[in-house]
Amino acid sequence: MVKHRNARLRLFGLLWLAGMAGVMTLGLLPLPPLPEGAPPAAVVRLLVLVQPAVLLSVAVLIGVLLAHRLGLMAPGAEALAVGRSWRQAMVPQLLPGVVGGLISGALLTAITLLSRPLLPPAYGAAEPTPLLVRFLYGGITEEILIRWGLMTLLLWLGWRFGQHRQGKPQTQWVIVAIAVSSLVFAVAHLPAAIALGLPLTPPLLGLLLIQNALFAVVAGYLFWRYGLEAAMIAHLVVHAVLALIG
């Protein structure tokens, strides 16, 4: 029991550190104009990091406590936590993650190109998010928050109250967990668009919601079938595709 508890503590630490690397990159984002009398910019930047750091801590804890009950995994991190081969644990996740990322990247690019005539001019002129933020926060931290934390919690609720903890989670609860977490993932990207000064016209709002929700469904499936790192790999590949094409 002690070894098991220690392994879970190590798993928590590994995922928390990986997620915090992404949280820290949020300090690279430009701040909006501060009103007169506001705290110094350095203090504001520090405060900006507090909320995602707290949410990250909660998400990591939820996953560490609940994921193993549902058959959900973070194979690479779990292997490191118990001293097994990290590389061997990652091999089954590489191909699904890369394929899922390439397909998603191509699909999101096609949707953007088809939607471009309907989008406001400010969309094309907006300053791109720094690559480090996209890769570390988007590719790693967001997966811990949404898949490891939120999706795991939603699936646990369906399994706990819908199945009364009997057997493995039924597919219907997996679908609900993926769908709801995907919607949350999509909506969570709207404040960033507002912060960039983009006018949320109906076409732009639809584009942001559809793009992010579609990818989140892919990531949710990869997490369920292969593991958290497969979803992370897909997320990283998507950002790489969009950066290269953009």
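Residues numbered from 1 in each chain as written. Predicted model: local features only at pLDDT ≥ 70, side-chain atom pairs only at ≥ 80, totals over all residues. Heavy atoms only, no water.

Enquirer: Which residues make up the overall build of the chain, and what values go with them?
Expert: If you tally the helices and strands in the chain, you get ten helices and zero strands. Start at the N end of the chain and walk to the C end: the helices and strands fall as α-α-α-α-α-α-α-α-α-α. The C-alpha atoms of the chain give 19 Å as radius of gyration, which agrees with the globular expectation for 246 residues (18 Å, within 12%). C-alpha atoms of the chain, sized along the principal axes, occupy 55 × 45 × 35 Å. Going through the 246 residues of the chain one by one, you find that 41% of them count as buried. Taking the intrachain contacts of the chain between residues at least 6 apart in sequence as the baseline, contacts between residues at least 24 apart amount to 79%. (Helix = DSSP H or I, 4+ residues; strand = E, 2+ residues; numbered from the N terminus. Rg over C-alpha atoms; globule rule 2.2 N^0.38 Å. Buried < 20%, exposed > 50% of the residue type's maximum accessible area, 1.4 Å probe, protein only. Contact = heavy atoms within 4.5 Å.)

Enquirer: If you had to explain helix H3 (residues 75-82) to someone new, which residues and values would you point to?
Expert: Buried within H3 we find Pro 75, Gly 76, Ala 77, Ala 79 and Ala 81. Phi turns positive one or two residues past the end of H3, at Gly 83, with a value near 85 degrees.

Enquirer: Tell me about the side chain of Arg 147, residues and numbers included.
Expert: Considering the arrangement of structural elements, one finds Arg 147 in helix H6 (residues 131-162). Separated by 2.7 Å, the side chains of Arg 147 and Glu 143 make a polar contact. Discounting residues that sit within four places of it in the chain, Arg 147 has contacts with Glu 142, Thr 152, Phe 185, Phe 215, Ala 216, Ala 219, Gly 220, Phe 223 and Leu 228. (Polar contact = N/O pair within 3.5 Å; in protein donor to acceptor, adjacent residues only side chain to side chain.)

Enquirer: Would you mind going over the packing of aromatic side chains in detail, with residue names and values included?
Expert: Considering all chains together, one arrives at four aromatic pairs under this definition. Measuring from ring centre to ring centre gives 6.4 Å for Trp 156 and Phe 161, while their planes differ by 85 degrees; the resulting arrangement is edge-to-face. Take Trp 156: its relative accessible area is 16%, and that puts it in the buried class. Since its relative accessible area comes to 53%, Phe 161 is described here as exposed. Directly above the aromatic system of Phe 161 lies the positively charged group of Arg 160, at a separation of 4.9 Å from the ring centroid. Over the face of the ring belonging to Trp 224 we find Arg 225, whose NZ or CZ atom lies 5.5 Å from the ring centre. (Phe/Tyr/Trp six-rings, centres within 6.5 Å; stacked < 30°, edge-to-face > 60°. Lys NZ or Arg CZ within 6 Å of the ring centre and 35° of its normal.)

Enquirer: Hey, could you go over the pattern of salt bridges for me, with residue numbers and the actual values?
Expert: As enumerated under the stated definition, the model contains one salt bridge in all. A salt bridge links Glu 143 to Arg 147, with the nearest nitrogen and oxygen atoms 2.7 Å apart. Here Arg 147 and Glu 143 lie together in helix H6, a separation of four residues that amounts to about one turn. Judged by its relative accessible area of 0%, Glu 143 falls in the buried class. (Salt bridge = Lys/Arg side-chain N within 4 Å of Asp/Glu carboxyl O.)

Enquirer: Which residues make up the packing of helix H7 (residues 171-187) against helix H9 (residues 202-225), and what are the values?
Expert: The N-to-C vectors of H7 and H9 enclose an angle of 140 degrees; their axes lie 8 Å apart at closest approach. Overall, the two elements H7 and H9 adopt an arrangement that is oblique. H7 and H9 meet at a crossing whose hand is right-handed. Between H7 and H9, the residues in contact are Val 174, Ile 178, Ser 182, Phe 185, Ala 186 and Val 187 and Leu 209, Asn 212, Ala 213, Phe 215, Ala 216, Val 217, Gly 220, Tyr 221 and Trp 224, respectively. (Axes fitted to C-alpha atoms, helices over the stretch in contact; angles between N-to-C directions. Parallel < 35°, antiparallel > 145°, perpendicular 65-115°, else oblique. Left-handed = near helix turned anticlockwise from the far one by under 90°.)

Enquirer: Quick one: what's the story with the nonpolar core, residue by residue and with numbers?
Expert: Ile 144, Trp 148 and Leu 228 are the most contacted members of the largest nonpolar core, which totals 46 residues. Broken down by secondary-structure element, the contributors of at least two residues to this core are helix H1 (2-25), helix H2 (41-70), H3, H6, H7, H9 and helix H10 (228-245). The element that contributes the greatest number of residues to this core is H6, accounting for eleven residues. Residues in contact with Ile 144, not counting those within four places in the same chain, are Leu 15, Ala 18, Gly 19, Leu 56, Ala 59, Val 60, Gly 149, Leu 228 and Met 232. Counting residues in hydrophobic clusters, the runner-up holds eight residues, among them Leu 119, Leu 198, Leu 207 and Leu 208. (Core = buried A, V, L, I, M, F, W, Y, C linked by side-chain atoms within 4.5 Å.)

Enquirer: How would you summarise the packing of H2 against H6 if you had to cite specific residues and measurements?
Expert: Describing two packed helices takes the angle between their axes plus the distance from one axis to the other. Where H2 meets H6, the closest approach of the two axes is 8 Å, and the angle between their N-to-C directions is 50 degrees. Judged by the angle between their axes, H2 and H6 are oblique. As for the relative orientation of H2 and H6, their crossing is left-handed in sense. The segment H2 lies against H6, with Pro 52, Leu 55, Leu 56, Ala 59, Val 60, Ile 62, Gly 63, Val 64, Leu 66, Ala 67, Arg 69 and Leu 70 engaging Tyr 137, Thr 141, Ile 144, Leu 145, Trp 148, Gly 149, Thr 152, Leu 153, Leu 155, Trp 156 and Trp 159.

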